[in-house]
Amino acid sequence: MNELKGAINMRKLTALFLSLAMALGLAACSSGTPSPSESNTPETSAPQTSSEEPESSVEAESSGASTSQSDGSEEAESTDGNTLVVYFSATGNTEQAATYIADLTGGDLFELEPADPYTDEDLNYSNEDSRVSQEYEDEALRNVELVADTVENWDSYDTVFIGYPNWWADLPMAVYSFFDEYDFSGKTIIPFNVHNGSRFSRTIQTIGELEPDATVIENGFTVSEQTVADAAPDVAAWLEELGYLGLSDMATEDQVQTGVVTELILEGETGTIHYSYYLPDDYDMETEYPLMVVMPGYDMMWFGEDSSGSNLKWTGFLCWTELPEDMIVVSAQLTDWHETSANQAIELTEYFMEHFSVDASRVYAAGYSAGGETMSQAVSMRPDLYAAYLHGASQWDGEYAPIAANSVAVYIFMAENDEYYGSQRAWDAYNNLHDAYLENGWGEDNIASVLQIQIPDNGWFAERGITGNYHGGGNVVFEEETILSWVISHSK
Ligand SMILES: Cc1cc2nc3c(=O)[nH]c(=O)nc-3n(C[C@H](O)[C@H](O)[C@H](O)COP(=O)(O)O)c2cc1C
């Protein structure tokens, strides 16, 4: 695994959970359809004793928003420690920022949730009789009772993000209580807040005064409540600036999320990349895994949030997860099937190679329909990256010579009667690649080992229960285990 900081300095990563939505039933293609911290030796710190027993405790939950500028300039370094994202939020704004941070860092979320929630009336700080005004004025009322006030495994956290709204140019009372309660010595505290004009006020200095034995990062993230909803990219940029993006940590066995991890965003140099990935359940950093990058067809591409996740049930994604050999599988939803998408596919591939335990000699690509148009470009732009490519029911938009020059194995599959592309384009791609190999002095046997084409007729499809929509039916290629095996049998 590469060092996080070096690996991502050109990127912003935003991982968000977006709502699952339906695939758009558009014509051309069928559906089928990540912490940080300084390398501090983890301190053995225990919650400070409090006079009251905690009411209850919940385990911090992993989860996953905000505008912003960062104040100050101190840098946090990424570490291998555990990350906790603690927040107080009376009306949900800080919560949004907290969830973005947790998603991005792979940190655990812990809400300072008052047992007696604040009503709008309670929050009316221009009324001196309101609850907040009274709590603020009278220290005896400040110790706000929480639904859960024990952070399980507090000692295990090296880094604590702490989020709060600006209340009277100060920390809300519940946040004061939290600092009172817990021993932060040796930990790194990273503040973030939401405000309606005052930014952090003096709160970061206050935290430093409250926790003199902790490292308090001054370059906190502050965002206006007007813009918090759109601030995910800013959160990602801030985390990157801190050298603190979480996928590096997510990729460690302890913290990594395995199985299908859905609807993530990488803010790459080429723009926003929406993607999901699959990590084997027993993902192990000592093992290097083949990586498969799959690109779906038009109806599973990115058309806004409603389309998010429309590629998750796609056989072309799931089939690789069901093979006997464990693989890491990435499926992106991109916005065009031209050069931008091709560059994004490459960026995503490199991102996974940098942040997960990938066998660089076994990086593969697969594309279906529009996704094939994209991936044929991507593999020809970076033939050094990919060992093999499955080109399903698509047209070849890339170059040919670089494929042959780098002996990227290519399997071309197209229904003889594909309604959308016809089969001639598949033959053209095959013939051009074949010629490119001949030009490189390859003999037929050797070419056959790296270049295959299958153009099944209607009868072949009928045997598989497909009697119409042969373009959409082309997704069946992802059920042909011999083809899948051929693809992943190649290595650099
Ligand atoms: C009691 C109280 C005092 C506040 N004081 C300030 C302030 O001094 N400066 C400011 O910018 N915003 C102030 N606000 C606005 C909040 O910071 C803002 O509404 C924030 O988005 C609330 O976040 P939340 O939804 O996470 O609770 C105050 C809000 C409350 C309820």
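Description of the structure in this document. What you see as residue numbers is a count from 1 along each chain, following the sequence as written. Only residues with pLDDT of 70 or above have their local features reported here, since the model is predicted, and side-chain atom pairs are shown and tallied only from 80 upward, although totals for entire chains, interfaces and linings are computed over all residues.

Quick word on the site of the ligand
Link 1 in the chain: If you check the shell around the ligand, you find 20 residues, and the closest are Ser89, Thr91, Asn93, Thr94 and Pro165.
Link 2 in the chain: Every helix listed is a DSSP run of H or I at least four residues long, and every strand listed is a run of E at least two residues long, numbered separately from the N terminus. Breaking the shell around the ligand down by element, the ones donating at least two residues are α2 (93-105) and β9 (188-195).
Link 3 in the chain: Among the residues making up the shell around the ligand, the classes are represented as 9 nonpolar, 10 polar and 1 charged. Using the backbone to place each C-beta atom, any residue with that atom within 6 Å of a molecule or strand is considered near it. Residue type decides the class: Asp, Glu, Lys and Arg count as charged, Ala, Val, Leu, Ile, Met, Phe, Trp, Tyr, Cys and Pro as nonpolar, and the leftover types, Gly among them, as polar.

Side note on helix α4 (residues 173-181)
Link 1 in the chain: Any residue surrounded by 20 or more other C-beta atoms within 10 Å of its C-beta is treated as buried, while 12 or fewer makes it exposed and the intermediate range makes it partly exposed; C-beta atoms here are placed from the backbone. By the burial criterion, the buried members of α4 are Met173, Ala174, Val175, Ser177 and Phe178.
Link 2 in the chain: Note that contacts rest on C-beta atoms placed from the backbone: two residues are in contact if these are within 7 Å. For α4, the secondary structure elements touched by its buried residues are β5 (82-87), α3 (131-137) and β8 (157-165).

Some points on the nonpolar core
Link 1 in the chain: In this structure, Leu291, Ile328, Val329, Leu348, Tyr364, Tyr386 and Tyr389 are the most contacted members of the largest nonpolar core, which totals 80 residues.
Link 2 in the chain: Once residues lying within four places of it in the same chain are set aside, the contact partners of Leu291 are Met327, Ile328, Phe352, Met353, Val358, Val363 and Tyr364.
Link 3 in the chain: If you look at the next biggest cluster of nonpolar residues, it comprises 52 residues, including Ala98, Val216, Val228 and Ala237. Joined through C-beta atoms within 7 Å, a set of buried Ala, Val, Leu, Ile, Met, Phe, Trp, Tyr and Cys residues constitutes a nonpolar core.

Structural notes on the environment of Leu291
Link 1 in the chain: Inspection of the secondary structure assignment puts Leu291 in strand β14 (residues 289-295).
Link 2 in the chain: By C-beta crowding, Leu291 is classed as buried, having 26 other C-beta atoms within 10 Å.
Link 3 in the chain: Between the C-alpha atoms of Leu291 and Val358, which are 67 residues apart in sequence, the distance is 6.2 Å.

Details of α2
Link 1 in the chain: A helix's residues, less one, multiplied by 1.5 Å, set its expected span. In this model, α2 (13 residues) spans 19 Å end to end at C-alpha, consistent with the 18 Å of a helix rising 1.5 Å per residue.
Link 2 in the chain: Within α2, 13 of the 13 residues are buried, leaving the element largely enclosed by the surrounding structure.
Link 3 in the chain: With its phi angle positive at about 75°, Gly106 sits one or two positions after the end of α2.

Some points on the packing of α2 against helix α6 (residues 232-241)
Link 1 in the chain: Taken N-terminus to C-terminus, the directions of α2 and α6 make an angle of 50°; their axes are 10 Å apart at the nearest point. As judged from the angle between their axes, α2 and α6 are oblique. Considering the relative orientation of α2 and α6, their crossing is right-handed. Contacts from Ala97, Tyr100, Ile101, Leu104 and Thr105 in α2 reach Ala232, Val235, Ala236 and Leu239 in α6.
Link 2 in the chain: Along the lines of polarity and charge, the residues of the contact of α2 with α6 split into 8 nonpolar, 1 polar and no charged. All axes here are fitted lines through C-alpha atoms, helices being fitted over the stretch that makes contact, and every angle between N-to-C directions spans 0 to 180 degrees. Working rule for angles: under 35 degrees goes down as roughly parallel, over 145 as roughly antiparallel, 65 to 115 as roughly perpendicular, anything else as oblique. For any pair of crossing helices, the crossing counts as left-handed if the nearer helix is rotated counterclockwise from the farther one by less than a right angle, and right-handed if it is rotated clockwise.

A word on the pairing of strand β13 (residues 271-279)
Link 1 in the chain: What makes two strands pair is DSSP finding at least two bridges between them. In this sheet, β13 lies alongside strand β12 (residues 259-268) in antiparallel orientation, the contact comprising 8 bridges. What sits directly across from Gly259, in β13, is Leu279.
Link 2 in the chain: The loop that links β12 with its antiparallel partner β13 comprises 2 residues.
Link 3 in the chain: Pairing between β13 and strand β15 (residues 328-333): 5 bridges, direction antiparallel. Residue pairing in the sheet places Ser276 in a bridge with Ser331 of β15.

Section: unusual backbone geometry
Link 1 in the chain: A positive phi angle is found at Glu263, which is not glycine, with a value near 50°.
Link 2 in the chain: Relative to the assigned elements, Glu263 resides in strand β12.
Link 3 in the chain: With 20 C-beta atoms counted inside 10 Å, the residue Glu263 sits in the buried group.
Link 4 in the chain: Notably, Ser369 is not glycine yet its phi reads approximately 55°, a positive angle.
Link 5 in the chain: Mapping Ser369 onto the fold places it in the loop between β16 (358-368) and α10 (370-381).
Link 6 in the chain: Residue Ser369 is classed as buried on the basis of its C-beta count, with 31 C-beta atoms lying within 10 Å.

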